[in-house]
Amino acid sequence: MVEFDGVDKFFGSAHVLKDIDLAVEEQEVVVIVGPSGSGKSTLLRCVNRLEEIQDGEVRIAGEAITAPGVDVNRLRQKVGMVFQHFNLFPHKTALQNVTLAPVRVRGLSEADARQRGENLLEEVGLGDQLDSFPAELSGGQKQRVAIARALAMDPEVMLFDEVTSALDPELVGEVLGVMRGLAEEGMTMLVVTHEMGFAREVGDRVVLMSEGRIVEEGPPDEFFDHPETDRAKQFLQRVL
């Protein structure tokens, strides 16, 4: 569903992604872990060209998003992204945040978008907050609105960029619960997180990044219980 083939990314002279090869299969949940500054969020942002790469290729469902002349906006519709800081429109209600893009971008009718939005907000446990503005919601509620908003575009893959790291600890569980439900429904997911419990429980594969490279990857039980590289052992000692 998502493929990185020899991807390099620079910010000026800083080489932040180094020869990245990674393939995410349909319905697979791949969790990316690693220290701050290792390139995890940058990797995610290259999937929908929020960041441009300097070498290599990124493909979504077999189509190169980095190819010359590609319709980036069309390919972006296949990808839902949820950010650390919600990025909701503050002057729009929860329901309006969810229905805006399906109407403007996909051409859904207001009635169809509203029905879909109400259903999605119900699914994430916010059926009673349709008319609430972001300022009236907790951090966990805002993040669940953001997830519903991404799902409203019927994406083929969902990207989650440290979506719980700005939340109070007691609110983390409600957001991870929604993500766990999506995984159980078969959504293809690429998740950057510091939540090792989630990585072990929900991930099909864990990928460790360090200094812009993928240094180890494998099924959660193997990664956490039998790390192969010294870097993985060092990382796990620090976070567990």
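Within every chain, residues take consecutive numbers counted from 1 along the sequence as written. Two thresholds apply to this predicted model, a pLDDT of at least 70 for residue-level local features and 80 or more for giving and counting side-chain atom pairs, whereas whole-chain, interface and lining totals are computed over all residues. The basis for the side-chain values is all heavy atoms of the structure; hydrogens and waters are excluded.

An unreviewed UniProt entry annotates the chain as Amino acid ABC transporter ATP-binding protein originating from Halorussus limi. Per UniProt, the comment on the chain under Subcellular location (unreviewed entry) is "Cell membrane". UniProt positions are given in the numbering used here, feature names are shortened, and annotations may be inferred rather than shown by experiment. As stated in UniProt under Sequence similarities (unreviewed entry), the record for the chain gives "Belongs to the ABC transporter superfamily."

J.: Explain the overall build of the chain to me, please; I cannot follow it from the model alone.
T.: Runs of H or I in DSSP of at least four residues are treated as helices and runs of E of at least two as strands, each being numbered from the N terminus. Broken down by element type, the chain carries 9 helices and 10 strands. Radius of gyration: C-alpha atoms only; globule rule: 2.2 Å multiplied by the number of residues to the exponent 0.38. Its C-alpha atoms give the chain a radius of gyration of 18 Å, near enough to 18 Å, the size a compact globule of 240 residues would have. For every residue, the accessible area (1.4 Å probe, protein chains only) is compared with the maximum for its type, and the residue is labelled buried under 20%, exposed over 50%, or partly exposed between those bounds. Within the chain, the fraction of its 240 residues that count as buried is 52%. The contact criterion used is simple: two residues touch if any of their non-hydrogen atoms lie within 4.5 Å. For the chain, the proportion of contacts with a sequence separation of at least 24, taken over those separated by at least 6, is 64%.

J.: Looking at this structure, how should I read the sheet that holds strand β4 (residues 55-60)?
T.: Picture the strands of a sheet paired through backbone hydrogen bonds; they go either parallel or antiparallel. At least two DSSP bridges between two strands are required for those strands to pair. If you trace the 4 strands from one edge of the open sheet to the other, you get β2-β1-β4-β5, paired in antiparallel fashion. The open sheet has two free edges, formed respectively by β2 (14-24) and β5 (63-64), since each of these has just one partner strand. Relative to β2, strand β1 (residues 2-11) runs antiparallel, the two being bridged by 7 bridges. Across the sheet, K9 pairs through a bridge with L17, a residue of β2.

J.: So what exactly am I meant to see when it comes to the environment of V70 here?
T.: In this fold, V70 is placed in the loop between β5 and α2 (72-76). Residue class for V70 comes out buried when judged on its relative accessible area of 17%. Contacts of V70, omitting those with residues within four sequence positions, involve R49, E63, A64, I65 and L75.

J.: Whenever I open this one, the packing of helix α3 (residues 94-104) against helix α4 (residues 110-123) confuses me. Can you help?
T.: Angle between the axes and distance between the axes are the two parameters that describe a pair of packed helices. The contact between α3 and α4 brings their axes to 9 Å, and the two run at 130 degrees. If you check the angle between α3 and α4, you find them oblique. The interaxial crossing formed by α3 with α4 has right-handed handedness. Contact with α3, carried on its side by A94, L95, V98, T99, P102 and V103, involves E110, A113, R114, G117, E118, L120 and L121 of α4 and no other residues of that element. When residues are grouped by polarity, Ala, Val, Leu, Ile, Met, Phe, Trp, Tyr, Cys and Pro land in nonpolar, Asp, Glu, Lys and Arg in charged, and all others, Gly among them, in polar. When grouped by side-chain class, the residues that make up the contact of α3 with α4 number 8 nonpolar, 2 polar and 3 charged. To get an axis, fit a line to the C-alpha atoms, keeping to the stretch in contact for a helix; angles then go from 0 to 180 degrees between the N-to-C directions. Geometric relationships in this document are graded by angle, where less than 35 degrees denotes roughly parallel, more than 145 denotes roughly antiparallel, 65 to 115 denotes roughly perpendicular, and other angles denote oblique. Left-handed describes a crossing whose near helix is turned anticlockwise from the far helix by less than a right angle; the clockwise case is right-handed.

J.: Mind showing me how you'd approach the side chain of D8 here?
T.: By secondary structure assignment, the location of D8 is in strand β1. Notably, D8 is buried but unbridged: the nearest opposite-charge side chain belongs to R213, and the N-O separation is 6.7 Å. We define a polar contact as two N or O atoms separated by no more than 3.5 Å, with the added condition that, inside protein, one atom must be a possible hydrogen donor and the other a possible acceptor, whereas residues neighbouring each other in sequence contribute only through side-chain atom pairs. Of note is the side chain of D8, whose polar atom sits 3.1 Å from the backbone nitrogen of D19. Those residues in contact with D8 that lie beyond four places of it in its chain are H15, L17, K18, D19, I53, Q54 and D55. By the counting scheme adopted, Arg and Lys are positive, Glu and Asp are negative, and His together with the chain ends is not counted. The term salt bridge refers to a pairing of a side-chain nitrogen on Lys or Arg with a carboxyl oxygen on Asp or Glu at a separation within 4 Å.

J.: Hey, could you run me through the sheet that holds strand β8 (residues 188-192) in this one?
T.: Taken together, the 6 strands give an open sheet; going across it, the order is β6-β7-β8-β3-β9-β10, and neighbouring strands pair in mixed fashion. With partners counted over all chains shown, the strands left at the sheet margins are β6 (79-82) and β10 (213-218), one partner each. When strand polarity is set aside, the average angle formed by the axes of neighbouring strands in this sheet is 20 degrees. As judged from the 5 bridges shared by strand β9 (residues 205-210) and β10, these two strands associate in the antiparallel manner. In the strand pairing of β10, V207 is matched with E217. Packing against the sheet, helix α5 (residues 139-151) makes contact with β6 and β7 (157-161), and its axis sits at approximately 170 degrees to β6. Strands in contact with helix α6 (residues 169-184) are β3 (29-33), β7 and β8; relative to β8, the strand with the most contacts, it is inclined by about 145 degrees.

J.: Help me understand the side chain of N48 in this model?
T.: Considering the arrangement of structural elements, one finds N48 in the loop between α1 (40-47) and β4. Each residue touching N48, except ones within four places of it in the same chain, is listed here: I65, V72, R76, V79, M81 and L159.

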